[in-house]
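Understanding the architecture of this molecule
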Amino acid sequence: MQNIIIGQYVPGQSFIHKLDPRAKLLTAFLFVIIVFLANNWLTYALLGAFTLIAVFVSRLPLRYIYNGLKPILLVIILTFLLHVFLTKEGPLLFDFGFLEVYEGGVKQGVFISLRLLFLIMITSLLTLTTTPIDITVGIESLLGPMKKIGLPVHEFALMMSIALRFIPTLLEETEKIMKAQSARGAQFSSGPIKERLKSIVPLLVPLFVSAFKRAEDLAMAMEARGYRGGEGRTSIRLLKWSGKDTTLFIILLMLSVGLLLLRS
Amino acid sequence: MEELISVQNVSFRYQEEHPYVLKDVGLSVQKGEWLAIVGHNGSGKSTLARLLNGLLLPEKGDVLVEGFNSRDEESIWEIRRRVGIVFQNPDNQFVGTSVQDDVAFGLENSGMPREKMLKRIAESVKKVRMEDFLDQEPHRLSGGQKQRVAIAGIIALRPSIVILDEATSMLDPAGRKEVLQTMRELKEEEGMTVISITHDLEEAARADRMIVMNAGEVIDEGVPVDVFEKGDMLEKIGLDLPFPLQVQRALREKGYDFSKLTLSQEELVNELWTLQSKS
């Protein structure tokens, strides 16, 4: 329980770790858009180079990237196969009688799979190199202007950070309740699925009751410490946009221009 | 002596039709004292704490903190800045994701510029000896450490009064000791006024003054030694007398004479081994 890591953050000192979370959020967001600009081998190579360099610069062990990809791997393979067999364009490559594979299909399959691959890699890079709380602060700052149109940005960010703060506490509590229920003969890890699902109920009820109690206490404590909403509030967490962040932005801009020029 | 808090004929109940939780309570808190408010569960002592910093408002009577009346909407924030509360559950009052964030919470609320905040945070974590834990997450801290962080978060706001609302009741003996020790140092060195709300009479025995509450009323008030003379009354309202006191009471029944009750174990030992030579 002591070593629990919230989110996927892997501590490090790389260039990417040190970037302003806002720069990383904007990059990931823009990347998601410009990925759709690529439509030939050259543009995909460009995106691939950007992604691989980013992964390399982050100095993260590759298994973390792979772990991020694992759940989505099946989707990628499925997309690839669907495109290979269903797109009928260009010269015929193979003919299995009942199935025909065209060159256009293979190309489309590779492209779409790569697109997914790049998207997942860049977005996992964001969550792997940024603490959840930094992401929250970044989002709050980026959405700051939306306060004017009445979007509760501060409240949202506060909710996020409190949720993050209480994840380990509630996990610990779950473990405690599980032990208490096991001591009374409950079984969580064996028996048919239906029984196991049923045994979750006596776990969730006390957990919810205590979560509500905690929420009430916390609200009281926050009020006692002078909390009265986001207005006039300052923040201890400082976001600093530095040269590195501008550099990243220029690189991204160049990448976009390159994609626009090279796409067919 | 300067009066910091004055509670005048306060009655309070959570809902109409419900019985009163506090009945015509009056008390005053002097600058620089350690006041213990003791009582059994449901005696209204925690409700009283919440009235003292404007979390609850009295139905009848007034609560004045350094001249600010908690009934005034304008002065409520002044009152909350002056009166800090450390609550019972160490986990449920830890707002920040790290020690630094949590200590900063009250300062952020007051709109303090960041530079000044950093200075205040450094100062106050040092006073509670948590300066090496600034970046720690709450689930890596012990209960006692979390309560000390809560104290740091409160003293960073430079309040005049700190209320410990059963703040040590969920801690192990070591944690209890470290929290009380921290508060005592703050009182000695900074002249902080402390109100400790507790059902632990051992804790109350070390206060400058104590108030005994039962069923929403103040039933006794005075320096601990005098209050403990009425041990029967304390036991009757469901409080456990500290061990040294129990020994002395038992010996008194057997005819041994203690002219003056002693509250600490050490004093009792001294008293006991000189007992024979005196008589």
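Parameters and conventions
- Residues numbered from 1 in each chain as written.
- Chains lettered and ligands numbered in written order.
- Predicted model: local features only at pLDDT ≥ 70, side-chain atom pairs only at ≥ 80, totals over all residues.
- Heavy atoms only, no water.
- Pairing = 2+ DSSP bridges.
- Helix = DSSP H or I, 4+ residues; strand = E, 2+ residues; numbered from the N terminus.
- Axes fitted to C-alpha atoms, helices over the stretch in contact; angles between N-to-C directions.
- Contact = heavy atoms within 4.5 Å.
- Expected span 1.5 Å × (residues − 1).
- Buried < 20%, exposed > 50% of the residue type's maximum accessible area, 1.4 Å probe, protein only.
- Buried area = accessible area lost by both parts, 1.4 Å probe.
- Salt bridge = Lys/Arg side-chain N within 4 Å of Asp/Glu carboxyl O.
- UniProt positions renumbered as here; feature names shortened; annotations may be inferred.
- Parallel < 35°, antiparallel > 145°, perpendicular 65-115°, else oblique.
- Left-handed = near helix turned anticlockwise from the far one by under 90°.
- Domains from an automatic or database assignment.
- Core = buried A, V, L, I, M, F, W, Y, C linked by side-chain atoms within 4.5 Å.
- Nonpolar A, V, L, I, M, F, W, Y, C, P; charged D, E, K, R; others polar.
- 1 Å grid on protein atoms, 1.4 Å probe; cavity = no way out; pocket = protein on both sides within 12 Å on 5 of 7 lines; lining within 4 Å.
- Points joined across faces, edges and corners; volume = space filled by probe spheres on them.

Below, the discussion takes up the sheet that holds strand β9 (residues 209–214) of chain B. Paired through their backbone hydrogen bonds, the strands of a sheet run either parallel or antiparallel. Residue and element names in this part refer to chain B. Strands sit in the order β6-β7-β8-β3-β9-β10 across an open sheet of 6 strands; the sheet is mixed. The two strands at the open ends of the sheet, each matched to only one other strand, are β6 (83–86) and β10 (217–222). Shown here is a sheet whose adjacent strand axes are inclined to one another by a mean of 20 degrees, direction ignored. Where β9 meets β10, 5 bridges bridge the pair, whose relative direction is antiparallel. Counted as the bridge partner of Met-213 is Val-218 from β10. Sitting on the sheet, helix α5 (residues 143–155) touches β6 and β7 (161–165), and the angle it makes with β6 is about 170 degrees. Contacts from helix α6 (residues 173–190) reach β3 (34–39), β7 and β8 (193–198), with the element oriented near 140 degrees to β3.

Attention now moves to α6(B). Residue and element names in this part refer to chain B. Counted at 1.5 Å a residue, the expected span for α6 with its 18 residues is 26 Å, and the 25 Å between its end C-alpha atoms agrees. Listing the buried residues of α6 in full gives Gly-175, Val-179, Leu-180, Thr-182, Met-183, Arg-184, Leu-186 and Lys-187. Against β3, α4 (114–127), α5, β7, β8 and α7 (201–205) lie the buried residues of α6. Two residues or fewer after α6 comes Gly-191, characterised by a positive phi angle close to 70 degrees.

With that settled, consider the interface of chain A and chain B. Of the residues lining the interface, 33 residues belong to chain A; the matching set on chain B comes to 35 residues. Both faces combined, the contact of chain A with chain B buries some 3,100 Å², and carbon together with sulfur accounts for 53% of it. One can count 5 salt bridges joining chain A with chain B. Measuring nitrogen to oxygen at the nearest pair gives 3.2 Å for the salt bridge that ties A:Arg165 to B:Asp91.

This paragraph deals with the UniProt feature "domain: ABC transporter" (unreviewed entry) in chain B. The feature "domain: ABC transporter" (unreviewed entry), as annotated in UniProt, sits at residues 5–240 of chain B in this numbering. As annotated, residues 5–240 of chain B comprises 37% helix and 25% strand, and the C-alpha atoms at either end are separated by 29 Å.

Working note: non-glycine residues mostly have negative phi, and peptide bonds are mostly trans. A positive phi angle, near 50 degrees, is found at B:Asp24, a position not held by glycine. Its location among the elements puts B:Asp24 in strand β2 (residues 22–30).

Let's shift gears to the packing of helix α2 (residues 41–58) of chain A against helix α4 (residues 103–129) of chain A. Residue and element names in this part refer to chain A. Between α2 and α4, whose axes approach to 10 Å, the crossing angle comes to 25 degrees. The angle between the axes of α2 and α4 places the two elements in the roughly parallel class. The interaxial crossing formed by α2 with α4 has left-handed handedness. For the pair formed by α2 and α4, the contact residues are Trp-41, Tyr-44, Leu-47, Gly-48, Phe-50, Thr-51, Leu-52, Ala-54, Val-55 and Ser-58 on the first element and Lys-107, Val-110, Phe-111, Leu-114, Arg-115, Phe-118, Met-121, Ile-122, Leu-125 and Thr-129 on the second.

The next point concerns the domain arrangement of chain B. Residue and element names in this part refer to chain B. By the assigned domains, chain B splits into domain 1 (3–98 + 159–229) and domain 2 (242–278). Look at where the C-alpha atoms of domain 1 and domain 2 centre, and you get two points 31 Å apart. Each partner contributes to the interface: domain 1 provides 8 residues, whereas domain 2 provides 7 residues. Surface buried jointly by domain 1 and domain 2 totals about 670 Å² across both partners, of which 67% is contributed by carbon and sulfur atoms. Taken as a group, Val-225, Phe-228 and Glu-229 account for 68% of the area that domain 1 buries against domain 2, more than any other trio of residues on that side.

With that out of the way, let us pick up the environment of B:Ala150. Residues and elements named next belong to chain B. Along the polypeptide, Ala-150 turns up in helix α5. Sequence separation between Ala-150 and Val-86 is 64 residues; the distance between their C-alpha atoms is 6.3 Å. Beyond its immediate chain neighbours, meaning those up to four positions away, Ala-150 contacts Val-86 and Gln-93.

With respect to topology, 4 strands assemble into an open sheet ordered β2-β1-β4-β5 (chain B), the strand pairing being antiparallel. A strand with exactly one partner marks an edge of an open sheet, and here the two such strands are β2 and β5 (68–69) of chain B.

Residue and element names in this part refer to chain B. Counting 50 residues, the largest nonpolar core has Leu-164, Met-210 and Phe-228 as its most contacted members. The element best represented in this core is α5, accounting for 6 residues. Here this core gathers at least three residues from each of two domains, domain 1 (3–98 + 159–229) and domain 2 (242–278). Those residues within four positions of Leu-164 in sequence are excluded, and the remaining contacts are Trp-34, Val-86, Leu-180, Met-183, Val-194, Ile-195, Ser-196 and Ile-197.

All names here are of chain B. The contact between helix α3 (residues 99–109) and α5 brings their axes to 7 Å, and the two run at 35 degrees. Crossing of α3 against α5: the hand is right-handed. Along its contact with α3, which presents Val-99, Asp-102 and Val-103, the element α5 presents Val-149, Ala-152 and Gly-153. For the contact of α3 with α5, the class distribution of residues is 4 nonpolar, 1 polar and 1 charged.

Turning next to the environment of A:Leu143. Residues and elements named next belong to chain A. When you line up the elements, Leu-143 lands in the loop between α5 (132–142) and α6 (153–183). By relative accessible area, which is 30% here, Leu-143 ends up partly exposed. For the pair Leu-143 and Phe-50, spaced 93 residues apart in sequence, the C-alpha separation works out to 27 Å.

Attention now moves to empty space enclosed by the protein. The tally for this structure, following the rule as stated, stands at 1 cavity of 30 Å³ or more. By volume, the largest cavity amounts to about 40 Å³. Taken together, A:Ala224, A:Arg225, B:Arg80, B:Arg81, B:Val83, B:Gly84, B:Ile154, B:Leu157 and B:Pro159 make up the lining of the largest cavity. Counting residues per element, the ones that place at least two in the lining of the largest cavity are α2 (76–82) and β6 of chain B. Taken together, the residues of the lining of the largest cavity sort by class into 5 nonpolar, 1 polar and 3 charged.

This part takes up the layout of surface pockets. What the largest pocket holds in volume is close to 1,100 Å³. Counting residues per element, the lining of the largest pocket draws most heavily on α5(A), at 4 residues. Taken domain by domain, the makeup of the lining of the largest pocket includes at least three residues from each of domain 1 (15–130 + 240–262) and domain 2 (154–224) of chain A. Space inside the second largest pocket adds up to approximately 590 Å³. Every element with two or more residues in the lining of the second largest pocket is listed here: α5 and α6 of chain A together with α3 of chain B. In terms of residue class, the lining of the second largest pocket is built from 10 nonpolar, 9 polar and 6 charged.

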